[in-house]
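Here's the letter readout for the chains.
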Amino acid sequence: MTTANTADPTQLTLVALRDAITAKQLSAAEATRCYLDRIERHNPSINAFHEVYADRARARADHADAGKLAGPLAGVPIAIKDNLCTDWGRTTCSSRILENFRAPYTATAVRRLEDAGAIVLGKTVMDEFAMGSSTENSAVGPTRNPWNPAYVPGGSSGGSAAAVAANMCPGSIGSDTGGSIRQPAALCGVVGLKPTYGRISRYGLVAFASSLDQIGPFAHNVTDAALLLQAMAGHDPLDSTSANLPVPDYTEQIDQPIDGLRVGIAKQFVSDANHPAMTQAVERASALFRDAGAEIVSIDLPHTKYGIPTYYLVATAEASSNLARYDGVRYGRRAEGVRELVELYSRSRAEGFGDEVKRRIMLGTYALSSGYYDAYYLRALKVRRLIKNDFDAAFKQCDVILGPTTTGPAFRFGEKTDDPLTMYLNDIYTVNANLAGIPGISVPAGLTDAASSSEAQAGGLPIGIQLLAAPFDEGTLLRAARQFEQLAAFSTRKALG
Ligand code: GLN
């Protein structure tokens, strides 16, 4: 058990906070109060939370203190992305079309977190329907990067990443379809984990691209992330794509040594286009792993370069189908003064969806349309298989793959909004894990050099390295990530006043 300084609970890690509450050095009520205060103070400038459930959170904290919330997360406050359904509050996906939508049920992942004793503080801002890499596509305003408010926090789970980075909660939940947990984690200097497709039930996660979407945690460190994964993982009869496999004890193996671990490095993940700090961070990580007894092996992922076009065909095709349900009849928003049905559909959708969502629906509808289906969607599925085959072959040679999470640090607001392709290219190192269904984690790897780059005024911005592992091998992934975190000894805590 950790002896924690409980003077300011919002500075604690999730495990330290949980231990302090369990040891009754701190009440859940006091912890919750401190986080709610902090949200009140900083959310107006950061805009990480769209909705805060203060009364509900206080009531649950009292329950925890009365011994009525048992479990490994008893009394721990968390935040969840606004695309996770709850039978309280609203679930909006940061979209006008769902602005007043109240879900009739709670997502399995959220229910399991609550069953483990967690307290949901509120829902976080995201790119509309999780489409984006900066939260600039949110209909409720963008989230700001706690390291520098002139910069984006990444996306689409930008609110969940920023909430942890700004110490408004010790852990949070997001979703990752093409990088939406790992990329904002890297840009905000926190840990972000995308588990294997099927590891966590998607029941109650509003669908963007069903064959790619996966729920996962954000936290200050790898062990905290492992604890959140542990609470959510496992088969769910309500999601037929959730895997019926045993869930190992992730925290038990997390501190085991990594000597003999084979760390793969792909030449496709090395590029002159990457920020120099990113290149250095990967080289440093590789040296740290080698010094710790790991074996560095070269691997080949020859189809990597097709990841972006493949992802943006598969994801948009699935999105166009999934989003057909928002017709102005169900799920809230309806256009006023319409005379007939088709006008109701088209006006409700025209008014309810933002530009990026409309762009994706059009791209996806085109890729699926007769005459183009074979040339685009079907071909994308075939390339997806080749990308998966690359990883299958690579994991015969290595246990984890090391690379950058992004090409560089956070960018400024507006810098990429006029050019969707540049924005899409931002996902170059993350989308392939979703296409292959494998787990990936982003771990803080330092700050850009404040003095020698365009981030001069920013005082340095966080960057992250990414580790990938074979399907359902989150145990090895977390162990390697934990080792790196300890060896790099990089403090990611950003004091925000
Ligand atoms: N940035 C990617 C996109 O815009 C990934 C989004 C996500 O993972 N939800 O599609």
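Here the structure is a predicted model, which means the values were calculated and not measured. (Residues numbered from 1 in each chain as written. Predicted model: local features only at pLDDT ≥ 70, side-chain atom pairs only at ≥ 80, totals over all residues. Heavy atoms only, no water.)

## So, the overall build of the protein
Then comes step 1: Across its full length, the protein holds 16 helices and 11 strands.
Then comes step 2: On C-alpha atoms alone, the protein measures out to a radius of gyration of 21 Å, which is about the 23 Å that the 2.2 N^0.38 rule sets for 497 residues.
Then comes step 3: Expressed as lengths along the three principal axes of its C-alpha atoms, the size of the protein is roughly 65 × 55 × 50 Å.
Then comes step 4: Split into buried and exposed, the 497 residues of the protein put 61% on the buried side. (Helix = DSSP H or I, 4+ residues; strand = E, 2+ residues; numbered from the N terminus. Rg over C-alpha atoms; globule rule 2.2 N^0.38 Å. Buried < 20%, exposed > 50% of the residue type's maximum accessible area, 1.4 Å probe, protein only.)

## Section: the environment of Ala 162
Then comes step 1: Within the secondary structure layout, Ala 162 lies in helix H5 (residues 158-165).
Then comes step 2: Placed 225 residues apart in sequence, Ala 162 and Ile 387 show a C-alpha to C-alpha distance of 31 Å.
Then comes step 3: For Ala 162, the residues in contact, after removing those within four places along its chain, are Ile 46, Ala 48, Thr 143, Arg 144, Pro 146, Pro 153 and Cys 188. (Contact = heavy atoms within 4.5 Å.)

## Overview of the pattern of salt bridges
Then comes step 1: According to the stated counting rule, one finds 23 salt bridges in the structure shown.
Then comes step 2: Linking Glu 30 and Arg 33 is a salt bridge whose minimum nitrogen-to-oxygen distance equals 2.9 Å. You can see Glu 30 and its partner Arg 33 sitting in helix H2 (residues 28-46), three residues apart, about one turn around the helix.
Then comes step 3: For Glu 30, a relative accessible area of 31% corresponds to the partly exposed category.
Then comes step 4: The exposure class of Arg 33 is partly exposed, given its relative accessible area of 41%.
Then comes step 5: In this structure, Arg 202 and Asp 239 form a salt bridge, with 4.0 Å as the shortest nitrogen-oxygen distance. Here Arg 202 is found in the loop between strand E5 (191-194) and strand E6 (214-219), whereas its partner Asp 239 is found in the loop between helix H7 (222-232) and helix H8 (250-253), with 37 residues between them in sequence.
Then comes step 6: We classify Arg 202 as buried; its relative accessible area is 14%. (Salt bridge = Lys/Arg side-chain N within 4 Å of Asp/Glu carboxyl O.)

## Topic: the sheet that holds strand E1 (residues 49-52)
Then comes step 1: Pairing in this open sheet of 11 strands is mixed, and the strands run E1-E3-E2-E4-E6-E5-E10-E11-E9-E7-E8 from one edge to the other. Strands at the two margins of the open sheet, each flanked by one partner only, are E1 and strand E8 (295-299). The sheet shows a mean angle of 30° between the axes of neighbouring strands, taken without regard to direction.
Then comes step 2: Those strands touched by H2 are E1, strand E2 (77-81) and strand E3 (119-124), and its axis lies near 15° from that of E3.
Then comes step 3: Where H7 meets the sheet, it contacts E2, strand E4 (171-176), E5, E6 and strand E10 (440-447), and its direction lies at approximately 145° from that of E6. (Pairing = 2+ DSSP bridges. Axes fitted to C-alpha atoms, helices over the stretch in contact; angles between N-to-C directions.)

## Details of the site of the ligand
Then comes step 1: Near the ligand lie 15 residues; those nearest to it are Thr 177, Gly 178, Ser 180, Tyr 311 and Arg 360.
Then comes step 2: Taking Thr 177, its main chain carries an N or O atom lying 2.7 Å from an oxygen atom of the ligand.
Then comes step 3: Within the side chain of Asp 427, an N or O atom sits 2.9 Å from a nitrogen atom of the ligand.
Then comes step 4: Its free accessible area being 290 Å², the ligand has 99% of it covered by the protein chains.
Then comes step 5: Tallied by class, the residues present in the shell around the ligand amount to five nonpolar, seven polar and three charged. (Near = heavy atom within 4 Å. Polar contact = N/O pair within 3.5 Å; in protein donor to acceptor, adjacent residues only side chain to side chain. Areas by Shrake-Rupley, 256 points an atom, 1.4 Å probe, with all protein chains shown as cover. Nonpolar A, V, L, I, M, F, W, Y, C, P; charged D, E, K, R; others polar.)

## Considerations on helix H11 (residues 341-352)
Then comes step 1: Across its 12 residues, H11 extends 16 Å between first and last C-alpha, which sits within 8% of the 16 Å expected from 1.5 Å per residue.
Then comes step 2: Those residues of H11 that fall on the buried side of the exposure criterion are Glu 343, Leu 344, Ser 348, Arg 349 and Gly 352.
Then comes step 3: Lining the buried residues of H11 we find helix H12 (355-368).
Then comes step 4: The backbone nitrogen of Val 342 lies 3.2 Å from a side-chain oxygen of the residue at the head of H11, namely Glu 340. (Expected span 1.5 Å × (residues − 1).)

## Side note on the nonpolar core
Generally speaking, a soluble globular protein has its nonpolar side chains buried in company with each other.
Then comes step 1: Within the largest apolar cluster, 105 residues are counted, with the highest numbers of intra-cluster contacts made by Leu 73, Ile 441, Ile 465 and Leu 467.
Then comes step 2: Looking at this core, the element that brings in the most residues is H7, giving eight residues. (Core = buried A, V, L, I, M, F, W, Y, C linked by side-chain atoms within 4.5 Å.)

## Side note on helix H4 (residues 108-115)
Then comes step 1: Counted residue by residue, H4 has six buried out of eight residues, so it is predominantly covered.
Then comes step 2: By the burial criterion, the buried members of H4 are Thr 108, Ala 109, Val 110, Arg 112, Leu 113 and Glu 114.
Then comes step 3: On its buried face, H4 is in contact with helix H3 (54-65), E2, E3, E4, E6 and H7.
Then comes step 4: Where H4 ends, the next residue or the one after it, Gly 117, has phi of about 105°, a positive value.

## Describing the environment of Pro 246
Then comes step 1: Within the secondary structure, Pro 246 sits in the loop between H7 and H8.
Then comes step 2: Separated by 47 residues in sequence, Pro 246 and Arg 199 place their C-alpha atoms 9.8 Å apart.

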